[in-house]
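# Notes for the structure review
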Amino acid sequence: VQLQAFGGGLVQAGGSLRLSCAASGGTFSMYGMGWFRQAPGKGREFVAAISASGSNTNYADSVKGRFTISRDNAKNTVYLQMNSLKPEDTAVYYCAASPVVAISPLSYDYWGQGTQVTVSS
């Protein structure tokens, strides 16, 4: 499975962005999908995950109520809608595919290349 994330950019605090991750080369609807982020000098952090059907989601406490993960299996795409952005959300955001819904990056077999999100104060 090949994943390509896009939609990052520079936004002011309080603003919104929507990230997309397009999948190809596999059966997208069989995979749980996750978003992770990595800030400079820090480890990769779980952000959100969604089950293969889209019926179950999971969020990190730091983004709960502000971010929404969704997917469109007909378009082989997973989204991350990010609202009320904060400077501490600044990071490279990665999408990933897993046979299960998981919060550990070790459970994910396929990764996209990452897209930079920068939130200015």
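Scroll up to find the structure this text is about.
Residues numbered from 1 in each chain as written. Predicted model: local features only at pLDDT ≥ 70, side-chain atom pairs only at ≥ 80, totals over all residues. Heavy atoms only, no water.

The residue T90 is located in the loop between strand 8 (77-82) and strand 9 (91-98) in this model. Taking the C-alpha atoms as reference, T90 lies 13 Å from L19; in sequence the two are 71 residues apart. Those residues in contact with T90, other than ones at most four positions away along the chain, are A39, Q116, V117, T118 and V119. In this structure the side chain of T90 is engaged in a polar contact, spanning 2.9 Å, whose partner is the backbone oxygen of P87. (Helix = DSSP H or I, 4+ residues; strand = E, 2+ residues; numbered from the N terminus. Contact = heavy atoms within 4.5 Å. Polar contact = N/O pair within 3.5 Å; in protein donor to acceptor, adjacent residues only side chain to side chain.)

Attention now goes to the sheet that holds strand 3 (residues 17-24). If you trace the four strands from one edge of the open sheet to the other, you get 1-3-8-7, paired in antiparallel fashion. Here the strands that pair on one side only, and so sit at the sheet edges, are strand 1 (2-6) and strand 7 (67-72). Adjacent strand axes in the sheet meet at a mean angle of 15° when their direction is disregarded. Two strands pair when backbone bridges link them, and strand 1 and strand 3 are joined in this way by five bridges, in the antiparallel orientation. Counted as the bridge partner of Q2 is S24 from strand 3. (Pairing = 2+ DSSP bridges. Axes fitted to C-alpha atoms, helices over the stretch in contact; angles between N-to-C directions.)

Turning our attention to the state of the cysteines. The full count for this structure, using the stated rule, is one disulfide. A sulfur-sulfur separation of 2.1 Å characterises the disulfide bridge that pairs C21 with C95. Residues C21 and C95 are joined by a disulfide whose S-S torsion is about 60°; by sign, that bridge is right-handed. With C21 in strand 3 and C95 in strand 9, this residue pair connects regions lying 74 residues apart in the sequence. You'll find C21 and C95 in the same group, each marked buried. (Disulfide = S-S within 2.5 Å. Buried < 20%, exposed > 50% of the residue type's maximum accessible area, 1.4 Å probe, protein only.)

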